[in-house]
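A look at the structure
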Amino acid sequence: MSTAYYYLTPEGKSLAEKLAAGHPGDLYGKENFKENLQKGFQSYDYLVCIMATGIVVRILAPLIVHKTSDPGVVVLDQKGQHAISLLSGHLGGANDLAREMAFLSGGEAVITTATDVAGELSFDTFAKKRNMAIENIGKLKHISGALLEGKAVRVVTDLQDDELENGKKDGKFILKTVEGFSEEFNHSDPLEFLSKDALSMAGATSVVDGMPTAEATSVVDGMPTVIIDEGYTLSEEDESRLGAPVLYLRPRTIFAGIGCKRNMEAAPIEEALLETLKKEGLSPLSLNAISTIPLKADEPGILTTADHLHVPLKVIPTEEIEALDINELGIKQSDFVAKQTGVLSVSTASSYLASGKGKILVDKAKFKGITIALSKMS
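Values in this document were obtained by computation on a predicted structure and should not be read as measured data.

**Observations regarding the overall build of the protein**
- Helix and strand content of the protein: 18 helices and 18 strands.
- Counting over 378 residues, the protein shows a buried share of 48%.
- Within the protein, contacts between residues separated by at least 24 positions form 59% of all contacts whose residues are at least 6 apart in sequence.
- For the protein, the computed accessible surface area is about 18,400 Å², with 50% contributed by carbon and sulfur atoms.

Have a look at this one:
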């Protein structure tokens, strides 16, 4: 993550150098200050400004777009007494950066985001730290609002996470597996989303003699929900039945391997990949990276597809593929592919290795001139 420090005074320069010694970054002084700060807003992940807050606000205000894309901005006084998280506290990482800057300067972090002040879990921070994409960020405020009002939130996931488990213990979350939620959600009674046993174990509401009280029933009806899964999605009808906001977090655990003929256009490659993901019930946002072999590393169609889907391209060395026991893994082989590329498998082998030798989900789905494979990291 790239960081830039901005200062206007000699004392500010000394503080910037001290901070950069603990958290490396580029330093900018008074010369061309406004221009450099505005350029930095577009090119750095973090901006640390050692000056009055008002100066920063006036210069950056016209550039602000959205918390999903703006960098994290922290402002410090020149003595380092206060590190203020000014912009993009959660997704941009400014809250954590303010805490780090305060630690390095010996000052105090100033955090004003409501969930942090209240000591509640913020699902945008949760997602960022765990490399998850937020599919519908507009619903985030409803989830945060429910927690701030002391209401329980249902979390549907197969993820094992200590922070969620701690929330379960203090009654903030009702946890369900994706499979279990799907089964119970399709029950004929639209209000019976959770079993009585699940309510009892969750500890989010009172249960008397094994039966939920009226209070418990009302909590289940219309409960805000967070679904953490690579693809599980409620239909519009089911979301309407739920009667509450649903936030989707997509763990980036899927690695797509791509092989193709020379000089293939991007459109059919991207279409083939999206079709494969859809068939497997996976969101494109769950993609972590696209992978291929060195021979295909400069294919414009693959490069453009990765760019369109905002994921990196991982080039897997040929020797790593040659070292795999293709037969033991059960990966489809092709003598023609071996003759053309020098390896028995391109798409599947590269996706498998890119995933850290995880689980192969799709072994060489064939399209005209294209092969797609999907693997999930363990």
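On we go from here.
**A word on the pairing of strand 1 (residues 3-7)**
- Of all the five residues making up strand 1, five are buried; the element is thus mostly covered by neighbouring parts of the structure.
- Every second residue of strand 1 is oriented toward a common face, with Thr3, Tyr5 and Tyr7 on one face and Ala4 and Tyr6 on the other, all of them buried.
- Two strands pair when backbone bridges link them, and strand 1 and strand 2 (residues 26-28) are joined in this way by three bridges, in the parallel orientation. Bridging across to strand 2, Tyr6 finds its partner in Tyr28.

**Structural notes on the packing of aromatic side chains**
- Following the criterion strictly, the structure yields four aromatic pairs and no others.
- Seen in terms of ring centroids, Phe123 and Phe173 are 5.8 Å apart; in terms of plane orientation they differ by 70°. Their pairing is edge-to-face. Of the two residues, Phe123 sits in helix 6 (residues 123-129) while Phe173 sits in strand 9 (residues 173-176), which places them 50 residues apart along the sequence.
- Accessibility expressed as a relative area gives 2% for Phe173, which makes it buried.
- By way of ring pairs, the aromatic residues Tyr6, Tyr28 and Tyr44 are connected into one cluster.

**Points about the packing of helix 1 (residues 10-22) against helix 4 (residues 94-105)**
- Direction vectors running N to C along helix 1 and helix 4 enclose 110°, while the axes themselves pass 9 Å from each other. Taken as axis vectors, helix 1 and helix 4 run roughly perpendicular relative to one another. The two elements helix 1 and helix 4 cross, and the hand of that crossing is right-handed. Between helix 1, through Leu15, Lys18, Leu19 and Gly22, and helix 4, the contact on the second element is made entirely by Glu100, Met101, Leu104 and Ser105.
- Across the contact of helix 1 with helix 4, the residue classes tally to four nonpolar, two polar and two charged.

**Concerning the sheet that holds strand 18 (residues 370-376)**
- The five strands are arranged 16-15-14-18-17 in an open sheet whose pairing can be described as mixed. If you trace the sheet from one side to the other, it starts and ends with strand 16 (313-315) and strand 17 (359-367), each paired once. The average undirected angle you get between the axes of adjacent strands in this sheet is 25°.
- Summarising the sheet, strand 15 (residues 287-292) and strand 16 pair through three bridges and their orientation is parallel. Across the sheet, Ser291 pairs through a bridge with Lys314, a residue of strand 16.
- Sheet strands in contact with helix 13 (residues 266-279) are strand 14 (254-260), strand 15, strand 17 and strand 18, and its direction is about 40° off that of strand 18.

**Details of helix 18 (residues 347-354)**
- Most of helix 18 is tucked away, with eight of its eight residues classed as buried.
- Inspection of helix 18 places Ser347, Thr348, Ala349, Ser350, Ser351, Tyr352, Leu353 and Ala354 among the buried residues, and these make up the whole buried set.
- Downstream of helix 18 by one or two residues, Gly356 has phi in the positive range, about 80°.

**A few points about helix 14 (residues 300-308)**
- Among the residues of helix 14, those classed as buried are Gly301, Ile302, Thr305 and Ala306. For helix 14, the buried positions fall inside an angular range of 135° around the axis, keeping them on one side.
- Structurally, helix 14 contributes buried residues whose contacts are with strand 14, helix 13, strand 15 and strand 16.
- Immediately beyond the C-terminal end of helix 14, within one or two residues, lies His310, with a positive phi of roughly 60°.

**Observations concerning the sheet that holds strand 9**
- Strand order in the open sheet formed by five strands is 7-13-12-8-9, with mixed pairing between adjacent strands. In the strand order of this sheet, the two ends are held by strand 7 (132-134) and strand 9, each with one partner. Neighbour-to-neighbour, the strand axes of the sheet open up by a mean angle of 20°, direction not taken into account.
- Bridge analysis of strand 7 against strand 13 (residues 246-251) gives three bridges, and the strand direction is antiparallel.

**A few points about the nonpolar core**
- Membership of the largest hydrophobic core comes to 21 residues, with the highest contact counts inside it found for Leu273, Leu287, Ile290 and Leu374.
- If you list the elements that add at least two residues to this core, you get strand 14, helix 13, strand 15, helix 14, strand 17 and strand 18.

**Observations concerning unusual backbone geometry**
- In this structure, Asn32 takes a positive phi of about 50° despite not being glycine.
- One non-glycine residue, Asn263, lies in the positive phi region at around 65°.

Conventions adopted
- Residues numbered from 1 in each chain as written.
- Predicted model: local features only at pLDDT ≥ 70, side-chain atom pairs only at ≥ 80, totals over all residues.
- Heavy atoms only, no water.
- Helix = DSSP H or I, 4+ residues; strand = E, 2+ residues; numbered from the N terminus.
- Buried < 20%, exposed > 50% of the residue type's maximum accessible area, 1.4 Å probe, protein only.
- Contact = heavy atoms within 4.5 Å.
- Areas by Shrake-Rupley, 256 points an atom, 1.4 Å probe, with all protein chains shown as cover.
- Pairing = 2+ DSSP bridges.
- Phe/Tyr/Trp six-rings, centres within 6.5 Å; stacked < 30°, edge-to-face > 60°.
- Axes fitted to C-alpha atoms, helices over the stretch in contact; angles between N-to-C directions.
- Parallel < 35°, antiparallel > 145°, perpendicular 65-115°, else oblique.
- Left-handed = near helix turned anticlockwise from the far one by under 90°.
- Nonpolar A, V, L, I, M, F, W, Y, C, P; charged D, E, K, R; others polar.
- Arc of directions from axis to C-beta.
- Core = buried A, V, L, I, M, F, W, Y, C linked by side-chain atoms within 4.5 Å.

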